[in-house]
Amino acid sequence: MKKSILASFLLVPALLLGACNSGDDTEKSSSTDSDKEVYKVGIDVTYPPFEFEKDGKYVGIDVELIEAIAEDQGFEVELKAMDFKGIIPALQAGQLDVAMGGMSITDDRKKVVDFSEPYFDAGVSLIVSDENTDIESVEDLKGKRVAVKKGTVGANYATSIASEVGFEMVQFDDSPSMFLDVQNGNSVALFEDYPVISYAIAQQDLPLKIVGDRLNDDQYGIGVLKGKNQEILDKINEGLENLKESGEYQEILDNYLAE
Ligand code: GLN
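Think of each chain on its own: its residues are numbered from 1, step by step along the sequence as written. Since the coordinates come from a predicted model, pLDDT governs what is reported: local features require at least 70, and pairs of side-chain atoms require 80 or more to be given and counted, while whole-chain, interface and lining totals use all residues. To obtain the side-chain values, all non-hydrogen atoms of the structure were used and water was disregarded.

Novice: Account for the overall build of the protein, naming residues and giving values.
Specialist: In terms of helices and strands, the protein carries eight helices and 16 strands. Note on definitions: a residue-residue contact is assigned when non-hydrogen atoms from the two residues lie within 4.5 Å. By sequence separation, contacts in the protein at least 24 residues apart represent 72% of the contacts at least 6 residues apart. Here the Shrake-Rupley method, with its probe set to 1.4 Å, supplies the accessible areas, and only the displayed protein chains count as covering residues. For the protein, the computed accessible surface area is about 13400 Å², with 48% contributed by carbon and sulfur atoms. By the criteria applied, helices consist of DSSP H or I runs no shorter than four residues and strands consist of E runs no shorter than two, each listed in order from the N terminus.

Pasting the structure below:
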């Protein structure tokens, strides 16, 4: 294609220049076996159906999406598994180029992260044991113990109402540990994203249930360091758009979410 020939002519001087200035490109690593850029992508592999480990491989909606975007846009990804709470700090420390963890787009995060166009509608839910009959809304959490996952929108939401409602919070690094705390009866409730808890309940037959409607309408976005990585962000948005048009985006979702 004309465009890609032109692009590679333009890229050569750009790469040479890149070698002697300290511009935005310095934190990207280069692959040894191809001339494609390799972007380091931070993921939370305790978060099916978005990111998880299966047969020794990282899979899930987020993993397949970023790999398909990379394929479409001619870059490569190196996946880095970490606790969700560590992803944005790692982006800020220059250890990652891209943050992807079923990560909700929030105004707070927008102070340090530039987000792609939203790619999934999520939203936080309240969850209790499937035998519980006394918790019908967050107000009923008064005097109870509630499990949350560090650094998440669910934890922030719980924190924002904890003193008003009057409940105690216990924090976990990953979602499965938080689910277990409620299954074991240590905590009476937890907050988790609706698609994640519905998938966990269905796939693992967890003795948990969702209470009421979603508490917000969070959407997921792919993040890069604010103000530093417009070029990566443009590729991500363009790739996402192309995948939506080609139907591949929907195929990836259906692959995990269709019955
Ligand atoms: N969507 C939630 C958030 O952004 C939770 C993400 C996660 O636990 N991986 O905070």
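Novice: Give me the lowdown on the packing of aromatic side chains, citing residues and values where you can.
Specialist: To pair, rings of Phe, Tyr and Trp, with the six-membered ring standing in for Trp, must have centres within 6.5 Å; the planes then decide the type, stacked if under 30 degrees apart, edge-to-face if over 60, and tilted in the middle. Enumeration according to the criterion identifies nine aromatic pairs in this entry. When the centroid spacing of 6.1 Å and the interplanar angle of 85° are considered together, the rings of F52 and Y256 count as edge-to-face. Note that F52 is positioned in strand 4 (residues 51-54) and Y256 in helix 8 (residues 248-257), a separation of 204 residues in sequence. Exposure classes here rest on a 1.4 Å probe applied to the protein chains alone. A residue is buried below 20% of its type maximum, exposed above 50%, and partly exposed in between. Note on F52: relative accessible area 14%, which makes it buried. Pairwise contacts between aromatic rings join Y47, F50, Y119, F120 and Y220 into one cluster. Positioned above the aromatic ring of Y249 is the side chain of K244, whose terminal nitrogen or guanidinium carbon lies 5.1 Å from the ring centre. Here, a charge over a ring means that NZ of Lys or CZ of Arg falls within 6 Å of the ring centre while also lying within 35 degrees of the ring normal.

Novice: Could you give me a rundown of the site of the ligand, with the residues and numbers involved?
Specialist: G101, G102, R109, K149 and D193 are the nearest of the 13 residues found near the ligand. Identification of polar contacts relies on pairs of N or O atoms within 3.5 Å, with a donor-acceptor requirement for protein atoms, meaning one able to donate a hydrogen and the other able to accept it, and with residues adjacent in sequence counted only if both atoms are side-chain atoms. A distance of 2.7 Å is found between a nitrogen atom of the ligand and a backbone nitrogen or oxygen belonging to G101. Contact with the protein chains hides 99% of the accessible area of the ligand, taken as 290 Å² for the molecule alone. Residues are grouped as follows: Ala, Val, Leu, Ile, Met, Phe, Trp, Tyr, Cys and Pro are nonpolar; Asp, Glu, Lys and Arg are charged; every other residue, Gly included, is polar. In the shell around the ligand, the residues fall into five nonpolar, four polar and four charged. Any residue with a heavy atom lying within 4 Å of a molecule or strand is counted as near it.

Novice: Tell me about the side chain of K149, and please be specific about residues and values.
Specialist: Note that K149 resides in strand 11 (residues 145-149). Non-local contacts of K149, meaning those with residues more than four positions away in its chain, are made with D44, T46, Y47, F84, A155, F172, D173, D174, S175 and M178.

Novice: Mind laying out unusual backbone geometry, listing which residues take part and the relevant values?
Specialist: In this structure, the amide linkage connecting P48 to the following residue, P49, adopts the cis form with an omega of 5°. Here P49 is to be found in the loop between strand 3 (46-47) and strand 4. Its identity as a non-glycine residue notwithstanding, D55 has a phi of 50°, on the positive side. Locating D55 in the fold gives a position in the loop between strand 4 and strand 5 (57-59). The exposure class assigned to D55 is exposed, which follows from its relative accessible area of 74%.

Novice: Explain the pattern of salt bridges to me, using residue names and the numbers behind them.
Specialist: When the charged atoms of two side chains lie near each other, side chains of opposite charge can form a pair. Any Lys or Arg side-chain nitrogen located within 4 Å of an Asp or Glu carboxyl oxygen qualifies as a salt bridge. If you walk through the whole model with that rule in mind, you get nine salt bridges. A salt bridge links D83 to K85; its shortest N-O distance comes to 3.3 Å. Connected through shared salt-bridge partners, D83, K85, K150 and D173 make up one network.

Novice: Explain the pairing of strand 2 (residues 37-43) to me, and be specific about the residues and the numbers.
Specialist: The element strand 2 is largely enclosed, with a buried count of seven among its seven residues. Burial along strand 2 is two-sided: E37, Y39, V41 and I43 and V38, K40 and G42, pointing in opposite directions, are all buried. Here strand 2 runs beside strand 6 (residues 76-81); their pairing, made up of six bridges, is parallel. Among the inter-strand pairings, G42 is bridged to a residue of strand 6, identified as K80. Two elements, strand 2 and strand 7 (residues 98-99), share two bridges in a ladder whose sense is parallel. Bridge pairing in strand 7 places V41 opposite V98. DSSP bridges decide pairing: two strands pair if at least two such bridges lie between them.

From the geometry alone we can't say anything about function, so treat these as descriptive.
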